[in-house]
Amino acid sequence: MNVIIKTAAEIEKMRVAGKLASEVLDYITPYVKPGITTEELDTLCHNYMVDVQKTIPAPLNYAPKGHTPYPKSICTSVNHQICHGIPGKKKLKNGDIVNIDITVISQGFHGDTSRMFYVGDPSIQAKRLCELTYEAMWRGIDVVKPGNHLGDIGHTIQKLAEGVGYSVVREFCGHGIGKKFHEDPQVLHYGKPGSGLKLKPGMIFTIEPMINAGKAAIRHLPDGWTITTKDSSLSAQWEHTILVTEDGHEVLTVSSGAPLKPVYRF
């Protein structure tokens, strides 16, 4: 495992990239309403990134080995879609939940974050799932400090999610990030305390739990990218990019419109 410890100059560029990614989500928030298509959301975000921020949408034409190039600038995963949903012509309707995942490139560095959005009035079940997943992400962030392990993050998230009857997606996880979109280490959202890589100052990675209301099993759609729950249950995801500091952590993907850390309820 080749985990890159970032220099002070690189960390500062990651702060800028993270804030810019979060600001795209601030910008798009008022547009997430019944009747808009996810393709229209993609166009709005793309134009904001390219024309206003002067950043590069990292997902556009991204093509890891074995995949066709991703055709859009953002990911929009609706209801039972877990991740990597491709924006399209279907209109969002009242009661939908949608994850919008943004990654920008600024000064050669990546900022990566995602949020859940309610389209109109969500069901009680959908709201509870989104709130639980948000709390799970933050509880995972809370244990990030030098000397702790990646398994501590995963265990904290898994314990909360499974404790209320939800399930954790196993096939997709957080990741190191910097000059590359995806770097070491992989950050699993399940695990055992004290297991895995020991955290050191200068590491930067994402924490992005994907929590299903039903079972953990997934389905790959024929488009080569979109992942859904196998049982069609709702799924939620939140994501922040985290720096390990000398005495704890710093959340890099924050902006004026970013949701605050929650008061823990679960």
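Check the entry above for the structure.
Predicted model only: the values in this text are computed from it and were never measured. (Residues numbered from 1 in each chain as written. Predicted model: local features only at pLDDT ≥ 70, side-chain atom pairs only at ≥ 80, totals over all residues. Heavy atoms only, no water.)

## Quick look at the nonpolar core
Part 1: Core analysis: the largest hydrophobic core is formed by 33 residues, its most contacted members being Val144, Ile153, Leu199, Phe205, Ile207 and Ile211.
Part 2: At the level of secondary structure, the elements contributing two or more residues to this core comprise helix H3 (124-142), helix H4 (150-163), strand S9 (204-207) and strand S14 (240-244).
Part 3: If you tally residues by element for this core, the top one is H3, at nine residues.
Part 4: The residues contacting Leu199, other than those within four sequence positions of it, are Val144, Lys145, Pro146, Gly147, Asn148, His149, Leu150, Ile153, Phe205 and Val244.
Part 5: Formed by 20 residues, the second largest nonpolar core is a distinct cluster that contains Leu20, Val32, Leu41 and Cys45. (Core = buried A, V, L, I, M, F, W, Y, C linked by side-chain atoms within 4.5 Å. Buried < 20%, exposed > 50% of the residue type's maximum accessible area, 1.4 Å probe, protein only. Helix = DSSP H or I, 4+ residues; strand = E, 2+ residues; numbered from the N terminus. Contact = heavy atoms within 4.5 Å.)

## Regarding the sheet that holds strand S6 (residues 167-168)
Part 1: Taken together, the three strands give an open sheet; going across it, the order is S6-S10-S13, and neighbouring strands pair in antiparallel fashion. Edge positions in the sheet fall to S6 and strand S13 (235-237), since each has one partner strand and no second.
Part 2: Judged from the three bridges that link them, strand S10 (residues 210-212) and S13 form a sheet pairing that is antiparallel. Note on S13: the bridge partner recorded for Ile211 is Ala236.
Part 3: Packed onto the sheet, H3 meets S10 and S13 and runs at close to 35° relative to S13. (Pairing = 2+ DSSP bridges. Axes fitted to C-alpha atoms, helices over the stretch in contact; angles between N-to-C directions.)

## Observations concerning the environment of Pro71
Part 1: Residue placement: Pro71 occurs in the loop between strand S1 (56-57) and strand S2 (75-78).
Part 2: For Pro71, a relative accessible area of 43% translates into the label partly exposed.
Part 3: For the pair Pro71 and Trp138, spaced 67 residues apart in sequence, the C-alpha to C-alpha distance is 31 Å.

## Brief notes about unusual backbone geometry
Part 1: At the junction of Asp184 and Pro185, the peptide bond is cis and its omega measures out at 5° in the coordinates.
Part 2: If you trace the backbone, Pro185 turns up in strand S8 (residues 183-187).
Part 3: Located in the positive-phi region is Lys54, a residue other than glycine, with phi close to 65°.
Part 4: Secondary-structure assignment places Lys54 in the loop between helix H2 (38-53) and S1.
Part 5: Under the relative-accessibility criterion, Lys54 is labelled exposed at 64%.
Part 6: Phi angles above zero are rare outside glycine, and Ser232 is one such case at about 65°.
Part 7: With respect to the helices, strands and loops of the structure, Ser232 is situated in the loop between strand S12 (227-229) and S13.

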